[in-house]
Amino acid sequence: MQQIKKRLLELEKYCQIWQTGTFNLNLLPSKTTPESDSRIQQFRQQLTIKCPDGKKRLFSWHLPMNPGA
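Only a predicted model underlies this, so the values are computations on that prediction, with no experimental measurement involved.

Scoring rules and cut-offs
- Residues numbered from 1 in each chain as written.
- Predicted model: local features only at pLDDT ≥ 70, side-chain atom pairs only at ≥ 80, totals over all residues.
- Heavy atoms only, no water.
- Phe/Tyr/Trp six-rings, centres within 6.5 Å; stacked < 30°, edge-to-face > 60°.
- Buried < 20%, exposed > 50% of the residue type's maximum accessible area, 1.4 Å probe, protein only.
- Salt bridge = Lys/Arg side-chain N within 4 Å of Asp/Glu carboxyl O.
- Patch = residues over 30% accessible without salt bridge, like charges linked within 9 Å, V, L, I, M, F, W, Y side chains within 5 Å.
- Areas by Shrake-Rupley, 256 points an atom, 1.4 Å probe, with all protein chains shown as cover.
- Helix = DSSP H or I, 4+ residues; strand = E, 2+ residues; numbered from the N terminus.
- Disulfide = S-S within 2.5 Å.

A. Main features of the packing of aromatic side chains. Tallied over the full model, the rule gives three aromatic pairs. With centroids separated by 6.1 Å and ring planes inclined at 20°, the aromatic side chains of Tyr14 and Trp18 adopt a geometry described as stacked. Residue Tyr14 is classed as buried on the basis of its relative accessible area of 6%. Chaining the aromatic ring pairs together yields one cluster made of Tyr14, Trp18 and Phe23.

Next up, the structure:
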């Protein structure tokens, strides 16, 4: 539970300063990785989200949880 809260706070902190441009993964303190091709194929429907502009986009980047790390 603590790791989830930590990751969400990291994202919130970054989003507070992010004003324009591309989301810069390198500015997050935790490592971010894309889903593997096989998981994208398996979960494409769940990873595709309709955005406020009406376009559907694939969201595959995540912050892994490493128990005990």
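B. Expanded view of the pattern of salt bridges. Enumeration over the complete set of coordinates arrives at two salt bridges. The partner of Glu35 in a salt bridge is Arg39, and the shortest N-O contact between them spans 2.9 Å. Its relative accessible area of 16% is what places Glu35 among the buried residues. Asp53 serves as the salt-bridge partner of Arg57, at 2.8 Å between the closest nitrogen and oxygen. With a relative accessible area of 32%, Arg57 lands in the partly exposed category. Classification of Asp53 as partly exposed rests on a relative accessible area of 47%.

C. Highlighting a nonpolar patch on the surface. A surface patch of nonpolar side chains, amounting to about 440 Å² of accessible area, comprises Met1, Ile4, Leu8 and Met65. Looking at where Met1 falls in the secondary structure, it is placed in the segment before α1 (2–17). For Met1, a relative accessible area of 74% translates into the label exposed.

D. View of the state of the cysteines. Going through the model one piece at a time under the given rule, you end up with zero disulfides. Between Cys15, a cysteine without a disulfide, and Cys51, which holds the nearest cysteine sulfur, the sulfur-to-sulfur distance is 14 Å. Under the relative-accessibility criterion, Cys15 is labelled partly exposed at 38%.

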